[in-house]
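# Examination of the molecular architecture
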Amino acid sequence: MRWDNLVENTTVTGPSGAIALFSTDAVTTRTFDTPEFRGVTFHEIRARSIVNRVPGASRMPFEWTVNPYRGCTHACVYCFARKTHSYLDLDTGLGFDSQIVVKINAPELVRRQLASPQWRGAHIAMGTNVDCYQRAEGRYRLMPGIITALRDRANPFSILTKGTLILRDLELLREAAAVTEVGISVSVGFVDEELWRTVEPGTPSPGRRLDVVRAMATAGIDCGVLMAPVVPFLGDRPDQLRETVRAIAAAGATSVTPLALHLRPGAREWFMEWLGRHHPGLVARYERLYADGAYAPKWYRRRITRQVHELAAEFGIGPASGGRARRVTGRERPGPEPEATQLTLL
């Protein structure tokens, strides 16, 4: 497997004089014989860097990210981050779901990089590649140290998650919000439990994720919902959209932003294989809908956005504000989001 650009020690020289990818002690592989981690392998590394710049060509509305994990036990069949596993010569299907890279020195790296004279306090987005509150976080506890470092430097940040474990760090988030701008979003694309069990098998249920939104609201913390993905032909009927937006509003979300399913290389192959097993009659329709690339046609995305925004207005919530951080104790409700920023936090 390839670990270059990840591990801290990349100066080891091999027999031929070439630079080795990593030293023999750079990666520790572990398995845990507990029900929640059965079949999962963890590769613990000491990463070289953790605050990473988003490529200039990206559609993301932020410039810097922190991702303490690679791979994700959420096992979402559509996850766009699957392709990143191929960079390490790891499988983008089952391997992505079960071979988890853990950057065990993430908190100390964040603290070090934020203390650098070159760092200007830019917004940092988390949960933008794989979920930083996936099950592994319950064992490795990297996020408290990361949030503490951001709090201590009053550095603005945002978190997108499907994980209920974020509630463990509620007090830290409140402390950070007292000194900087903090944005919290929970991803809930649908409330259909049958669809959830097949496309997001390792995640907390949509209802439990909405309980996170509800708990945040009860604690006085603004929490938006990224309604993603809206799954064509399986989760996009008007009655399904209405039921989802109604549940989001009832949970106390401050905003809702829809995002239609997109299928990038790596994710596309895995999703289409899943579709062929579970809904073979939809394969041809998907091939037509995504014939021009990873994204659904503009007419489809506009239709979904319009429907969800109309429902959000009906139920008294608005769209998100283009990925800008907001203080979790803030009082202002964000205004409408332009179409070009519909990829908020994903």
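Anyway, here's the lowdown on the structure attached to this text.

Cut-offs used in this document
- Residues numbered from 1 in each chain as written.
- Predicted model: local features only at pLDDT ≥ 70, side-chain atom pairs only at ≥ 80, totals over all residues.
- Heavy atoms only, no water.
- Phe/Tyr/Trp six-rings, centres within 6.5 Å; stacked < 30°, edge-to-face > 60°.
- Helix = DSSP H or I, 4+ residues; strand = E, 2+ residues; numbered from the N terminus.
- Buried < 20%, exposed > 50% of the residue type's maximum accessible area, 1.4 Å probe, protein only.
- Lys NZ or Arg CZ within 6 Å of the ring centre and 35° of its normal.
- Axes fitted to C-alpha atoms, helices over the stretch in contact; angles between N-to-C directions.
- Parallel < 35°, antiparallel > 145°, perpendicular 65-115°, else oblique.
- Left-handed = near helix turned anticlockwise from the far one by under 90°.
- Contact = heavy atoms within 4.5 Å.
- Nonpolar A, V, L, I, M, F, W, Y, C, P; charged D, E, K, R; others polar.
- Pairing = 2+ DSSP bridges.

### Points about the packing of aromatic side chains
All told, the structure shown has eleven aromatic pairs when counted by the stated rule. Ring centres of Phe-32 and Tyr-140 lie 6.5 Å apart, and the angle between their planes is 65 degrees; this geometry places the pair in the edge-to-face category. Of this pair, Phe-32 sits in the loop between β1 (27–31) and β2 (41–45) while Tyr-140 sits in helix α4 (residues 136–140), and the two are 108 residues apart along the sequence. What makes Tyr-140 buried here is its relative accessible area of 15%. Counting every residue linked through ring pairs, the aromatic cluster contains Phe-233, Phe-271, Trp-274, Tyr-286 and Tyr-290. Directly above the aromatic system of Phe-32 lies the positively charged group of Arg-139, at a separation of 3.9 Å from the ring centroid. When the ring centre of Phe-233 is taken as reference, the NZ or CZ atom of Arg-285 above it lies at 3.9 Å.

### What about the packing of helix α3 (residues 106–114) against helix α5 (residues 143–152)?
Between two packed helices, both the angle of their axes relative to each other and the distance between the axes serve to describe the pair. It is the contact of α3 with α5, at a shortest axis distance of 8 Å, that shows an interaxial angle of 15 degrees. Here α5 runs roughly parallel to α3, going by the angle between their axes. For the pair α3 and α5, the sense of crossing is right-handed. Only Gly-145, Ile-146, Thr-148, Ala-149, Leu-150 and Asp-152 of α5 make contact with α3, whose side of the interface consists of Ala-106, Pro-107, Val-110, Arg-111 and Leu-114. Here the residues of the contact of α3 with α5 are counted per class, giving seven nonpolar, two polar and two charged.

### A word on the environment of Ile-159
Examined against the element boundaries, Ile-159 turns out to sit in strand β8 (residues 157–161). C-alpha separation for the pair Ile-159 and Met-126, spaced 33 residues apart in sequence, amounts to 4.8 Å. With residues near it in sequence (within four places) discarded, Ile-159 still touches Met-126, Cys-132, Tyr-133, Met-143, Ile-147, Ile-166, Leu-173, Gly-183, Ile-184 and Ser-185.

### What to know about the packing of helix α9 (residues 238–250) against helix α12 (residues 298–314)
Packing of α9 against α12 leaves a shortest axis separation of 10 Å and a crossing angle of 45 degrees. Put simply, α9 runs oblique to α12. The chirality of how α9 crosses α12 is right-handed. Contacts between α9 and α12 involve Pro-238, Leu-241, Arg-242 and Val-245 from the former and Ile-304, Gln-307, Val-308, Leu-311, Ala-312 and Glu-314 from the latter. Broken down by class, the residue content of the contact of α9 with α12 amounts to seven nonpolar, one polar and two charged.

### Re the sheet that holds β2
Strand pairing in a sheet relies on backbone hydrogen bonds. The paired strands run either parallel or antiparallel. Across the sheet, which stays open at both edges, the four strands sit in the order β1-β2-β6-β5 with mixed pairing between neighbours. Both outer strands of the open sheet, β1 and β5 (69–70), are each paired with one neighbouring strand and no more. Bridge count for β2 against strand β6 (residues 99–103) is five bridges, and the pairing is parallel. Bridged to His-43 within β6 is Val-101.

Fair warning: the whole summary comes from geometry, so function is off the table for now.
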